[in-house]
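# Examining the three-dimensional arrangement
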Amino acid sequence: MENGNFKTVLLVEDEGLTRSAMKSLILANEPLLDIDEADGFEQATEKLSARSYDLVFLDYQLRGNSTGLDLLNWIGDQEREVQTIMLSAQDDRDTVLECIRSGACGFISKASEQGAGVFREALKTILSGRVYLPNSVLGKGGHSPKPVSTHSGVTVESLN
């Protein structure tokens, strides 16, 4: 897989087994990535404050009082230059578009029946600099045709 842009990744997922499986899947496709893990909002903000990351995979539903959307907004408020990909089984159009409006540069549905295959395709799309969105938004499948330079480069208007 071609990847010249991403070296460091933060994977934010509160379910340990899911986080471990996702990390394994990412490394199977891109073995040279340096992946840190966080189990929630607090741990993620600590890691993001201490280190610079190129890419964040962020679960929408986190345990506790803060959601992945809260962390996405924190990233924007802190003006972190990091591309953020939301992950969730809640992949309705409104949720996905809310994440994109808040700064996410992609959204991977965990509800897909194709599981690892969809995640692999999404990872390939994202690492090549394009945006990946679920069928619930595009009405068909998968990714934007144009590369995106930063998380703020995505426009929701182009999806409407």
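Residues numbered from 1 in each chain as written. Predicted model: local features only at pLDDT ≥ 70, side-chain atom pairs only at ≥ 80, totals over all residues. Heavy atoms only, no water.

## Describing the pairing of strand β2 (residues 34–38)
Examined bridge by bridge, strand β1 (residues 8–12) and β2 share five bridges and lie parallel to one another. Residue valine 12 lies in a different strand from β2, and its bridge partner there is alanine 38. Considered for its hand, the β-α-β crossover made up of β1, helix α1 (residues 16–29) and β2 is right-handed. (Pairing = 2+ DSSP bridges. Helix = DSSP H or I, 4+ residues; strand = E, 2+ residues; numbered from the N terminus. Right-handed = clockwise from strand over helix to strand, strands pointing away.)

## Considerations on helix α5 (residues 116–127)
For α5, which comprises 12 residues, the first-to-last C-alpha distance of 16 Å matches the rise-based estimate of 16 Å (1.5 Å per residue) to within 8%. Within α5 the residues assigned to the buried category are Val118, Phe119, Ala122, Leu123, Thr125, Ile126 and Leu127. Where α5 ends, the next residue or the one after it, glycine 129, has phi of about 90°, a positive value. (Expected span 1.5 Å × (residues − 1). Buried < 20%, exposed > 50% of the residue type's maximum accessible area, 1.4 Å probe, protein only.)

## Comments concerning the sheet that holds strand β3 (residues 55–59)
Strands pair in a sheet through their backbones, by hydrogen bonds, and they do so in one of two ways: parallel or antiparallel. Taken in spatial order, the five strands line up as β2-β1-β3-β4-β5 in an open sheet, and their pairing is parallel. Each edge of the open sheet is held by one strand with a lone partner, namely β2 and β5 (106–109). Neighbour-to-neighbour, the strand axes of the sheet open up by a mean angle of 20°, direction not taken into account. Relative to β5, strand β4 (residues 83–88) is paired through four bridges, and the arrangement is parallel. From the neighbouring strand, methionine 86 faces β5, where its bridge partner is phenylalanine 107. Lying over the sheet, helix α2 (residues 41–50) contacts β1, β2 and β3, oriented at roughly 140° with respect to β2. (Axes fitted to C-alpha atoms, helices over the stretch in contact; angles between N-to-C directions. Contact = heavy atoms within 4.5 Å.)

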